[in-house]
Structures are given as C-alpha cells and as structure tokens.
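Structural features, examined
One-letter residues, chain by chain:
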Amino acid sequence: MLGRIIGMLGCCLFLSSVALAADDPKVDLGTVTEKHMMIPMRDGVKLSAYLFFPKGDGPWPVVYEQRYAASRDVGTRQAMGRLAEGGFVVCLENFRGSQLSEGKWRGYRALGWGELQDGYDTVEWLAKQPWSTGKIGTFGSSQAGFAQNFLAVTQPPHLTCQYMIDTGLSLYQEGYRIGGTTRPERFKGMAAVCREKGDNLELMKEWFAHPTFDDYWKQEDCSLHFDKMNVPCFTIGSWYDFMCIGCVDSYVGRRNHGGPNSRQTQQLVLGPWLHGRYKEINKVAEMTYPENAKFPHEAHMKRWFDRYLKGIDNGAEKDPAVRYYVMGAIGEDKAPGNEWRTADNWPIAAQATSYYLQPEGKLTQTAPTADSSETKFLADPLHPNTIPAGGFPGAKDARGFEEQSEVRTFTTDVLTEPVEWTGKIQTELFVTSSAKDTDFIVRVSDVYPDGRSILIMDYIRRARYREGYEKEVFMEADKIYKVAFDIGWFSQNFNKGHRIRVTVASTGAPFFEPNPNTGEPLTIDFPANSVVAKNSVKHEKKHASRVIAPLVTVKP
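Description of the structure in this document. Since we're looking at a predicted model, the values are computed, not measured. (Residues numbered from 1 in each chain as written. Predicted model: local features only at pLDDT ≥ 70, side-chain atom pairs only at ≥ 80, totals over all residues. Heavy atoms only, no water.)

Going through the model one piece at a time under the given rule, you end up with 35 aromatic pairs. On the basis of an interplanar angle of 70 degrees and a centroid distance of 5.2 Å, the ring pair of Trp 421 and Phe 494 is categorised as edge-to-face. Taken as a pair, Trp 421 in strand S19 (residues 419-433) and Phe 494 in strand S22 (residues 481-494) lie far apart in primary sequence, 73 residues in all. Ring-pair connections join several aromatic residues into one group, and the members of that group are Tyr 172, Tyr 176, Phe 187, Trp 207, Phe 213, Tyr 216, Trp 217, Tyr 465 and Tyr 469. The aromatic ring of Tyr 308 is capped on one face by Arg 307, whose charged end is 5.8 Å from the ring centroid. In this arrangement the basic side chain of Arg 466 is found over the ring face of Tyr 481, its NZ or CZ atom lying 4.3 Å from the centre. (Phe/Tyr/Trp six-rings, centres within 6.5 Å; stacked < 30°, edge-to-face > 60°. Helix = DSSP H or I, 4+ residues; strand = E, 2+ residues; numbered from the N terminus. Lys NZ or Arg CZ within 6 Å of the ring centre and 35° of its normal.)

Next comes the structure, spelled out in structure tokens:
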C-alpha cells in the first residue's frame, strides 16, 4: 500500500490542472480559492485532488486527506474552506480508482508499504510545490484515519504530524472481516465509488480467496509496523463505535512502540459519540448529554497544526496525554459521570471483574454452581433476528432487538450503588452448536428504571475463528467450546437504580450479515444450502460464561 522512494516527484509543476466541475453546487468560500488537480504517482497514474488555497502568496504548510468518498458536497467544502482560512493549503485526494482518480481500484492496497505508495508520493509532491513550506500534516476520519496509519508506516520525509478521528489499523479485523464475519452485501455497494465499477467485484473475489489472516492480509495491517510510525499524532475515538478499538490501539502502539518522534507526542481523546468526523455535538442518537460532551475538534485541529506545522508556541503539546469522557445517566439529577477526566496514559488502572451469565436471565458477580445449565437459541440465516441499521445503533433503546424470539438477555439486579466500567470489556462464552460454524454476538446495555435498554457496545465472533484468525477450526455437534473475544472500549457509570444487561444472540441482520452455518468456504453470494444452527450458551460450574469488566472505584 503506500511505499517506495520516487524519482519523479521533483517536478514542481502540476501534471494536470482541471477546472472545477460545472455541476458542482455553488458554495461561498470567502477568500479561499478552490482548484481541482491531478497529482502524479510513481507509475504515471494521476489521482484526483481538490485543493483549497488561503488568500495571499504563500508559501503555506499543507494538510492532506486521503479518501474514496466524494468531496463535493457543500458541508465538506465549507469545512475545508474554514481550515484553509487558518493559513493552510488543504488537499482532499481520492484513492486510486475511486471518483475521478485514475488507475485500478484496490481499496487501501495502493496506500501502504507495497509496490505502490500513493500517500508517500503525494506527500513528497505536495512538499515540492512552490506554494508549500514543505511541512505536511494529515487529517481525516474513518477511511481517512486508516489511510493515515498506512501513510505513517512509509515515513515520507516531509510528513510532520497527523490528526486522526475514528481510525483503524487492520483491514481484516477492523474492516472487511469484523470478528471473522463477512459483509459481502455491504461491500458490493463500494462499486459506487469506483471509476470502473467492475474493479470492486474483482477485489472482493481476491478477499474471499483469503479466508484466514495470511500474508495477503498482513499487507493491510498497520499494527505490525508501529516502530516505523514516527510523527506526533492526535487521535479522537468514539465510545459508540466499534472502531474505538483502532483508535485506542493506534495511540497505545505509537506511544509504546513508535519511533522517537512518536512516543512522547501522542494524545488521545475518547468521548460519547457515534462514528463520524464531527465531535462538537452532545446529542447522540436517543441520548442528549450535557453541553460539556462537545469537543471543538475543528478549532483544536487548527491548534495542533499551528503547533507542529507552523511552530507556534501555543502549548498544544503540553495538554494531557489522554482525555476521556465518563458517560452517565441522562435526565437524572446528580447522576455520577458525564464528565471529562485526564490520564497520563491508557488504559487507566481498573479491576478486572467477572459478571457471570446465570439461569433465568440473571447476571451476577457470583460464579454459577449448577453442574449442568444452559440457555438455548437458534441461528436461522434465512429468518434472522433483525438489527435494521447500517451503522452501529448505539445510544438507542435496544429492546426491539432484545425482545425477538432468538435473542437472550442476562441482567443484574437493580444496582444499589453506582458502578463504573472504564476500559476494555471482554467476554468468554462456553457454547455448543449443532452446526460446524456459527456466530456469537454479545452486547452491553445500561437499563434505565423505566425499562429502556440503552446499547453501549457490541461485537461478534465467527466460531471458526475462535482459536485465532490465522486458521479455521470447525465445531463438532453439541461439543462444548470456549469462544472468547473483546467487545470493545467504553467508560460508563451505571447509576444507582439502573441495571447492567448483557445480550447474547447469533444473528442480527442486516447489520451483521448472517452466517450460512455450513462450515463451507465463505462466498460473496449467499449459498442455497444454509442450515439452521441450534446453539446454546453454558452457565454452569465448569463452563461459566461471563463478561469481564474493568471496574473502577472512584474516590468521592
């Protein structure tokens, strides 16, 4: 994906400069000038980029985002205009093969450390332009967060700092194969961003030819190369987002294993938001947090770039290494939580505490004592439980899912005192199935006194990958297996009078695309021979299924 040193980047002239599209919506950018350019890569392919220039003659530092999504909507262009007004040239560039960019669509495969290194090439090209100071920063969320980790590994000499939001590290674990599952219907839709639509199906066939985490996928795993990441980086993660995993791991990896310019220059903010670029919000799905939940990321990003790209002594590097928002009950007077805290590093100290699944839907800190006890449910891929969402449906009442026939809930008694979980939540299930392969979903919710079950986080694991993603190990009918996995990171104060709920199921479509349960090779098109799996989760003395929570005791 991004990689090799270039000889052609010394040219200071644009290879091509193209007029803005006539059908672009009109947008007032004030004194900012917008231009469309085609930027050359080492193999002669040219990538489409929209650049925003501040008023004046320059030179200016450049801030750069890589994306496959279009960038012509009014909101995006206005945001880029505001950033440019801060005294930066802003460059929005599309991945090769997407939108107007030339070349073959390869997803992220042309961004990293392979034969093609499009991010490296672009950074060095931008640094050599007459309007550039040679200092390049990068920014962006989600797809553009992933891209920044890929870019950091390639170490372009003029990359100076980064600013990532809702990012990721490994496309296998955090993108295409979450928990070992496949999402073909989701990724068929990626054809919409491709210059040549057929490229997308060709790439998907490549993915499905590699069912395990092999050398193919290691080419898209930045976590294997933290030692090459060597620039200051500010990372923002969202509690209501599975990609919070990537945000925390990016910070921890760079802080502990990065290069000398990286280890002491990492900062992390974790807040009560859903996946997305903008964090200056306090209304999240069905939850309205206090005003203090807003994080002014646009103003802060300018401050970060002023410090590292312009050398302005504004103290940005002296801010706390970690700032995290402890979520609490909404609409309850004097409820604990709903406050920002700081830490010198992450994770903070916490006591790993087991919450055990019990018969009759109970959840307790006491281990089960029965010799034999289980809860049964079906995984029917043709009639799955439904989660009618395209993105994670967190911060919403989850009872609509929990009340479906093949979903099981395990709930504590009413809490007599507040309970805080801050850190990584894990699960260890002991399960059986009539099928060779099936999925297990685990969710955590805060149950309010009025019955609302506000979903905080969930995750899924495909059983064939229970021993790791490097191999497929299938199940024998009715034999007991341990399926253990991380659910995710969050910080939540469950208030007195609330209950904590763990939900277990095997299907939740279309959010989680169903497993055919056959154990056969996974395919792009759903097979005709899927089977219904009869599953169970054990809660007995020798097989005590549980969630492991990071319990934090806060001094009054």
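The subject of this paragraph is the packing of helix H1 (residues 74-84) against helix H9 (residues 297-309). Between H1 and H9, the least distance of the axes is 10 Å, while the angle of their chain directions is 40 degrees. Overall, the two elements H1 and H9 adopt an arrangement that is oblique. The handedness of the crossing between H1 and H9 is right-handed. Contacts between H1 and H9 involve Ala 79, Arg 82 and Leu 83 on the former and, on the latter, Glu 298, Met 301 and Lys 302. Looking at the contact of H1 with H9, its residues break down into three nonpolar, no polar and three charged. (Axes fitted to C-alpha atoms, helices over the stretch in contact; angles between N-to-C directions. Parallel < 35°, antiparallel > 145°, perpendicular 65-115°, else oblique. Left-handed = near helix turned anticlockwise from the far one by under 90°. Contact = heavy atoms within 4.5 Å. Nonpolar A, V, L, I, M, F, W, Y, C, P; charged D, E, K, R; others polar.)

So, about the sheet that holds strand S18 (residues 408-411). Taken in spatial order, the four strands of this open sheet run S18-S23-S20-S21, and their pairing is antiparallel. Each of the sheet's edge strands pairs with one partner strand only, and the pair in question is S18 and strand S21 (453-462). Strand after strand, the sheet turns through a mean of 20 degrees between neighbouring axes, direction not considered. Both S18 and strand S23 (residues 499-505) contribute to a ladder of four bridges, which runs antiparallel. Among the inter-strand pairings, Phe 410 is bridged to a residue of S23, identified as Val 502. (Pairing = 2+ DSSP bridges.)

Okay, the pattern of salt bridges next. All told, the structure shown has 41 salt bridges when counted by the stated rule. When the shortest N-O distance is used, the salt bridge between Lys 279 and Asp 166 registers 2.8 Å. One end of the pair, Lys 279, is in the loop between strand S9 (266-274) and strand S10 (283-284); the other, Asp 166, is in the loop between strand S7 (159-165) and helix H4 (171-176), with 113 residues separating them in the sequence. For Glu 339, the salt bridge identified is with Arg 341, shortest N-O distance 3.0 Å. Glu 339 sits in the partly exposed class, given a relative accessible area of 32%. You can call Arg 341 buried: its relative accessible area is 16%. Residues joined by salt bridges that share partners form a network here, namely Glu 34, Arg 72 and Arg 77. (Salt bridge = Lys/Arg side-chain N within 4 Å of Asp/Glu carboxyl O. Buried < 20%, exposed > 50% of the residue type's maximum accessible area, 1.4 Å probe, protein only.)

The buried fraction of S19 is high, at 13 of 15 residues. Of the strand pairs in this sheet, S19 and strand S26 (residues 546-552) are connected by five bridges, and their pairing is antiparallel. In the sheet register, Thr 427 faces S26, and the bridge partner there is Val 547. Bridge count between S19 and strand S25 (residues 533-538): three bridges; the pairing is antiparallel. Directly across from Val 431, in S25, lies its bridge partner Val 537.

Below, the discussion takes up the nonpolar core. The biggest cluster of nonpolar side chains holds 73 residues, and the ones touching the most others in it are Trp 239, Tyr 289, Tyr 324, Trp 346, Trp 421 and Phe 490. Considering every element that reaches this core, the biggest residue donor is S22, with seven residues. Setting aside anything within four residues of it in sequence, one finds Tyr 324 in contact with Trp 239, Leu 270, Glu 339, Trp 340, Arg 341, Thr 342, Ala 343, Trp 346, Ile 348, Thr 422 and Ser 491. In this structure, Trp 105, Ala 152, Tyr 216 and Met 243 belong to the second largest nonpolar core, which totals 34 residues. (Core = buried A, V, L, I, M, F, W, Y, C linked by side-chain atoms within 4.5 Å.)

With respect to the secondary-structure elements, Ser 354 resides in strand S14 (residues 351-357). Among the polar contacts made by the side chain of Ser 354, one reaches the side chain of Arg 546 at a distance of 2.6 Å. Apart from residues lying up to four places away in sequence, Ser 354 is in contact with Thr 364, Gln 365, Arg 546, Val 547 and Ile 548. (Polar contact = N/O pair within 3.5 Å; in protein donor to acceptor, adjacent residues only side chain to side chain.)

We now examine the pairing of S14. Along S14, five of the seven residues are buried, which leaves the element largely enclosed by surrounding structure. Looking at chain direction, S14 and S26 are connected through six bridges and run antiparallel. Bridging across to S26, Thr 353 finds its partner in Ala 549. Bridge analysis of S14 against strand S15 (residues 363-364) gives two bridges, and the strand direction is antiparallel. Within the sheet, the bridge partner assigned to Leu 357 lies in S15 and is Leu 363.

What the rule picks out here adds up to zero disulfides. No disulfide involves Cys 161; its sulfur sits 8.6 Å from the nearest other cysteine sulfur, which is in Cys 233. Owing to a relative accessible area of 0%, Cys 161 belongs among the buried residues under this scheme. Not engaged in a disulfide, the cysteine Cys 247 finds its nearest cysteine sulfur in Cys 244; these two sulfurs lie 5.8 Å apart. (Disulfide = S-S within 2.5 Å.)

Here the focus is the environment of Leu 224. By secondary structure assignment, the location of Leu 224 is in the loop between helix H7 (215-218) and strand S8 (233-240). Taking the C-alpha atoms as reference points, Leu 224 and Leu 169, separated by 55 residues in sequence, lie 9.1 Å from one another.

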